[in-house]
Amino acid sequence: GHGGRFPGRGWSATPGCPGLVATTARRSYAKDFYDTLGVNRGASKGDIKKAYLQKAKELHPDTNTDDPDAASKFQDVQKAYEVLKDDEKKRVYDQVGADAYESYESGGGSAGAGGFGGGPG
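Residues numbered from 1 in each chain as written. Predicted model: local features only at pLDDT ≥ 70, side-chain atom pairs only at ≥ 80, totals over all residues. Heavy atoms only, no water.

Colleague: Any chance you could break down the packing of helix H4 (residues 70-84) against helix H5 (residues 87-106) for me, citing the residues and the numbers?
Modeller: Remark: H4 packs on H5, axes separated minimally by 10 Å, with the N-to-C direction vectors making an angle of 140 degrees. As summarised for this structure, H4 and H5 are arranged oblique, according to the angle between their axes. The residues of H5 that touch H4, namely those facing Lys 79, Glu 82, Val 83 and Leu 84, are Lys 89, Lys 90, Tyr 93, Tyr 101, Glu 102 and Glu 105. For the contact of H4 with H5, the class distribution of residues is 4 nonpolar, no polar and 6 charged. (Axes fitted to C-alpha atoms, helices over the stretch in contact; angles between N-to-C directions. Helix = DSSP H or I, 4+ residues; strand = E, 2+ residues; numbered from the N terminus. Parallel < 35°, antiparallel > 145°, perpendicular 65-115°, else oblique. Contact = heavy atoms within 4.5 Å. Nonpolar A, V, L, I, M, F, W, Y, C, P; charged D, E, K, R; others polar.)

Colleague: Account for the nonpolar core, naming residues and giving values.
Modeller: Counting 20 residues, the largest nonpolar core has Phe 33, Leu 37, Val 39, Ile 48, Leu 84 and Tyr 93 as the members making the most contacts within it. When residues of this core are traced back to their parent elements, those giving at least two are helix H2 (33-37), helix H3 (45-59), H4 and H5. When residues in this core are grouped by element, the largest group, 6 residues, is from H4. Dropping the residues within four chain positions of it, Tyr 93 is found in contact with Lys 31, Asp 32, Phe 33, Tyr 34, Arg 41, Val 83, Leu 84, Ala 98 and Tyr 101. (Core = buried A, V, L, I, M, F, W, Y, C linked by side-chain atoms within 4.5 Å. Buried < 20%, exposed > 50% of the residue type's maximum accessible area, 1.4 Å probe, protein only.)

Set out below in structure tokens:
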């Protein structure tokens, strides 16, 4: 099974950057979750799931061993799906938009960082 966990590689930040700074720098502009998954805002849950599965397969670090960004792209896709598949989170996201949602989450919103355990469905 693939539970959304990666092997250890792909986690190191870009050379010359201390670990955590890279993630915050990278997140200073919030990606639109719908863009990340390649769906439009009116997409159904089924469409969102289909798009997620396709992207996850496409961007999985194991299939992109030559792409140093694969792991972070894969994470973005997972995060987008985590939010858009959940009615409550999606509602908040639609209401406040990408930037505000990022700060809402990092500001200790209801969504904990442990939400990436199981795969889809």
